[in-house]
Amino acid sequence: MGKMERFPFIVLVAGLGFFLFADFISWALPMFVLKDIPMKKVSDLAAEAKAKNTSAWADFERLAMYYPEQFKKYYGEVNEKSFEKALRIGHHWYVAEGCWNCHSQMIRPVSNETLRFGIPGVSNTVSYPSEYQNELQAPVLWGTKRIGPDLIREAAVHNIDWQVAHLYNPLTTSPGSNMPGYPWYFEKDKNGNIVPNERGIGLLTYVMWLGSWEVKPTKEWALK
Amino acid sequence: MATATSTAGEVQLTNLVNYTLVKLHVAMGLIFFIIVGLMGFLYSLQLDGIYPFPGIEFLSPGRVRMIHTAGAAYGFLVNMFTGLLYWAVPRFTGYKVLNEKYLGGFMFIGLQAAVLITVVAILFLGQADNVEWGETPWWLDPIIVAWLLLHAIQFGAPIIKASQKAPLYVTGWYVSAMLVWTPLVVFMGNFIPRFWSAGSGAGAVQSTFIHDLVGLYVTPVAWGLMYYFVPVIMKKPMWSHGLSLLGFWGLAFFYPMNGVHHFLWSPIPMFAQYSAVFATVAIEFAVTSVLINFMMTLRGSAEVLKYNVPLRYMYTGAIFYWITCFQCAFHVTLTFQKVIHFTDWVTGHAHLIMFGTFGMWVLGMAEYVWPRLFGKETMYSKGMSEGAYWLLTIGVIAMFVDLTAAGLVQGFDWIGLNPWIDSVNFSKPFWYFRSVAGIMMLTGLLMYAMNFYKTATAGKGLEAQLRNA
């Protein structure tokens, strides 16, 4: 028993041995199981959005059309590069603002969550590993608490007009909501209208991108 | 306990401890405790819909909430624990820490700087990390790991010296293991999910990190200090040496495997989820063995709790600890998780363990140490001491019961597929009550801090009294 009360034994067995064993079971082995899922960079996500013409791509074009002055100033043209930039900026501020403190990004296969958050007409809308295997989920944004609803299928829930109003003042779209307003993601254009700024366009693009890979764009989504 | 009782006596023992470092760390820990409490209270006002600073970017509730959690970890707990280790480690080993003046001073300034940089980065620069309890921006994390390595050699040195002479006392086991675990945990949790994985793999690492920072830093230091302070205050040894061993090795083996229980029903492979559930239920037995040991030590001395407030803090915290772990053994199951995951139940659980247990413990230990640091016989005011204890205890129980109930309301409401806003509206009474409990806890803390300030500055010291006598 005396040996178990000595510094070297404790450090080697409990400190290193048990710790490494637990890490092996808890995350090294899961990572090994998941290793064949390709890891996507943000540029891959942008290319995919454009190639498949997803709802996120349509929303990005819509932002360019609604706010031409700000869009031109901060993002230039609608292309893969600018979409990538918007996703990165949006993700950065989603994290920095602590959005993930109140909004989860995971649909569990229990508790009617697929009914509540899933997309009607899409059979399997529970969260699955490959949709998280990208640069924007490192670290992962599953979250720990829901004050507001889950956002991983947000693209199918609200349109971009709703999102703009909601971000500026949530009470206008969701009476009773206790989400704070985020006026610092907006600025005034030359006509004096309140429009999203660089960070705002990024954040809106990011939020509308969430779940867009599951949404099948219909004809009316296309822009004239 | 061999070294603490056999080496000469009180005079020699007091020379081992650097009082300034203990004072500085404990005082900063208390200041940060009040600040993070205030931040939590502010955030709760947003949930009530009466946030006093709407539309101000750097006081956005989401950012304030990250200061609440990151500040509780690095500002409050690390400061408090470091201060108390500066008191306890030299006393139970019989040797000074590696270097008081330069390393100790540098570590003190480094820690405060790291916390202040975190606050500025999160509030003003928009630099945060979406790792719960690792909200510190990623570029600050190497500095924290380096600090923890310094921390390891600072406190490792006296423990190694003591270990060469005789087997270590229980506190030494916990602290030795913690000194190795903590830098590894912080490195793992902040770098692997960002640079070497993503998605489900990152989720598995992040959940392991959240739990390991509690289980492999906070818990071993706290239990180690409990094993030191409780016998010292009661002036008798622990009831069972065998149970101490069982508790330590049970914790060391099962605790690191618990983490994935934070993401049950997630896309993490099921074998990892099952192993986490199994390990979490198993840890309950280890915890119960530790609790039995402490309760049996108390047997025959329970009347000490009536007049000794520090000891009362410690046993109150210990009972909360057992409640939390008992609760955990049930709500960690996949069945319970269907209802309570993502709800306020979890928030209540977190507050009972962090505030109710670890918060109460460090407050008790600090209240035991503080008058001795200033050569005073007792704390300045018995009334303030009692008042703070009752406000904190009732406050945290109220918050725990309230949030647990709120969690059930939210969970069943979500399953029932009511409009989302219903769950917000149903929660509002609970959230108002939580803010009231928060006011109680904050008032208790302020009273406690006032008592500390008065003890340090007012009244005659023990030395002065002795000279006059």
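Residues numbered from 1 in each chain as written. Chains lettered and ligands numbered in written order. Predicted model: local features only at pLDDT ≥ 70, side-chain atom pairs only at ≥ 80, totals over all residues. Heavy atoms only, no water.

> Explain the pattern of salt bridges to me, please; I cannot follow it from the model alone.
A side chain of one charge can pair with a side chain of the opposite charge when the charged atoms of the two come close. All names here are of chain A. In this structure the tally under the stated criterion is 20 salt bridges over all chains. Notably, a salt bridge pairs E48 with K40, separated by 3.1 Å at the nearest N-O pair. On the basis of relative accessible area, K40 is assigned to the partly exposed category, the value being 27%. Here R88 ties to E135 by a salt bridge, and the two come within 3.2 Å at their closest N and O atoms. Within this pair, whereas R88 is found in helix α5 (residues 80-96), its partner E135 is found in the loop between α6 (113-117) and α7 (160-168), the two being separated by 47 residues in sequence. (Salt bridge = Lys/Arg side-chain N within 4 Å of Asp/Glu carboxyl O. Buried < 20%, exposed > 50% of the residue type's maximum accessible area, 1.4 Å probe, protein only. Helix = DSSP H or I, 4+ residues; strand = E, 2+ residues; numbered from the N terminus.)

> In this structure, what is going on with the interface of chain B and chain A? I would like to understand it.
Frequently, the measure chosen for interface size is the accessible area that the parts lose on association. At the junction of the two partners, chain B supplies 93 residues and chain A supplies 77 residues. In total, chain B and chain A occlude about 7100 Å² of area from one another, counting both sides; carbon and sulfur atoms represent 68% of this. A per-residue breakdown of the area chain B buries against chain A is headed by N130, W249 and F342 of chain B, which together make up 12% of the total. Scanning the region where chain B abuts chain A turns up 3 salt bridges. Two residues, E97 of chain A and R63 of chain B, come together in a salt bridge whose shortest N-O distance is 2.8 Å. Applying the counting criterion to the chain B and chain A interface returns 30 residue pairs in polar contact (both at pLDDT 80 or more). Class assignment of the residues belonging to the side of chain B that touches chain A gives a composition of 53 nonpolar, 27 polar and 13 charged. (Contact = heavy atoms within 4.5 Å. Buried area = accessible area lost by both parts, 1.4 Å probe. Polar contact = N/O pair within 3.5 Å; in protein donor to acceptor, adjacent residues only side chain to side chain. Nonpolar A, V, L, I, M, F, W, Y, C, P; charged D, E, K, R; others polar.)

> Help me understand the nonpolar core, please; the structure alone is not making it clear to me.
Nonpolar side chains tend toward joint burial in soluble globular proteins. Residue and element names in this part refer to chain B. F229, Y321, F358 and W361 are the most contacted members of the largest nonpolar core, which has 209 residues in total. With 20 residues, helix α8 (residues 199-234) is the single largest residue contributor to this core. Apart from residues lying up to four places away in sequence, W361 is in contact with A222, W223, M226, Y313, M314, G317, A318 and Y321. (Core = buried A, V, L, I, M, F, W, Y, C linked by side-chain atoms within 4.5 Å.)

> Would you mind showing me how to read helix α6 (residues 141-165) of chain B here?
Spacing of three or four residues puts side chains on the same side of an α-helix, whose turn is 3.6 residues. Across its 25 residues, α6 of chain B extends 36 Å between first and last C-alpha, which sits within 8% of the 36 Å expected from 1.5 Å per residue. A maximum bend of about 35 degrees is found in α6 of chain B at G156 of chain B, where proline P158 of chain B lies one to four positions downstream. (Expected span 1.5 Å × (residues − 1). Bend = angle between axes of the 7 residues up to and from the residue.)

> Explain the environment of V205 of chain B to me, please; I cannot follow it from the model alone.
For V205 of chain B, the location among the structural elements is in helix α8. Taking the C-alpha atoms as reference, V205 of chain B lies 7.2 Å from I192 of chain B; in sequence the two are 13 residues apart. In contact with V205 of chain B, not counting residues within four places along its chain, are W27 and M31 of chain A together with M188, G189, I192 and P193 of chain B.

> Even after reading the chapter, I still don't get helix α9 (residues 198-209) of chain A, so can you show me in this structure?
All names here are of chain A. Here α9 spans 17 Å end to end across 12 residues, near enough to the 16 Å set by a 1.5 Å rise per residue. Burial analysis of α9 places 11 of its 12 residues in the buried class, the great majority of the element. Taken together, the buried positions of α9 are R199, G200, I201, G202, L203, L204, T205, Y206, V207, M208 and W209. Between the side-chain oxygen of the N-cap and the backbone nitrogen of R199 there are 3.2 Å, and the N-cap of α9 in question is N197. The first or second residue beyond α9 is G211, which carries a positive phi of 85 degrees.

> Help me understand unusual backbone geometry, please; the structure alone is not making it clear to me.
Trans is the prevailing form of peptide bonds, just as negative phi is the prevailing case for residues other than glycine. Cis geometry marks the peptide bond from A138 of chain A to P139 of chain A, where omega comes out at -5 degrees. Even without glycine at this site, N112 of chain A takes up a positive phi of about 60 degrees. Turning to its location among the elements, N112 of chain A is positioned in the loop between α5 and α6. In the Ramachandran plot, K235 of chain B falls in the positive-phi region, its phi being about 55 degrees despite a non-glycine side chain. Along the chain, the position of K235 of chain B falls in the loop between α8 and α9 (241-254).

> Explain the packing of helix α4 (residues 61-93) of chain B against α6 of chain B here, please?
Think of two packed helices as two axes; the pair is described by the angle between the axes and how far apart they sit. Residues and elements named next belong to chain B. At their nearest, the axes of α4 and α6 sit 9 Å apart, and the two run at 15 degrees to each other. Taken together, the axis directions place α4 and α6 in an arrangement best described as roughly parallel. Remark: the crossing between α4 and α6 carries left-handed chirality. Of α6, the residues touching α4 (which contributes Y74, V78, T82, L85, Y86, V89 and T93) are I144, W147, H151, Q154, F155, P158, I159 and A162. Considered class by class, the residues forming the contact of α4 with α6 number 11 nonpolar, 4 polar and no charged. (Axes fitted to C-alpha atoms, helices over the stretch in contact; angles between N-to-C directions. Parallel < 35°, antiparallel > 145°, perpendicular 65-115°, else oblique. Left-handed = near helix turned anticlockwise from the far one by under 90°.)

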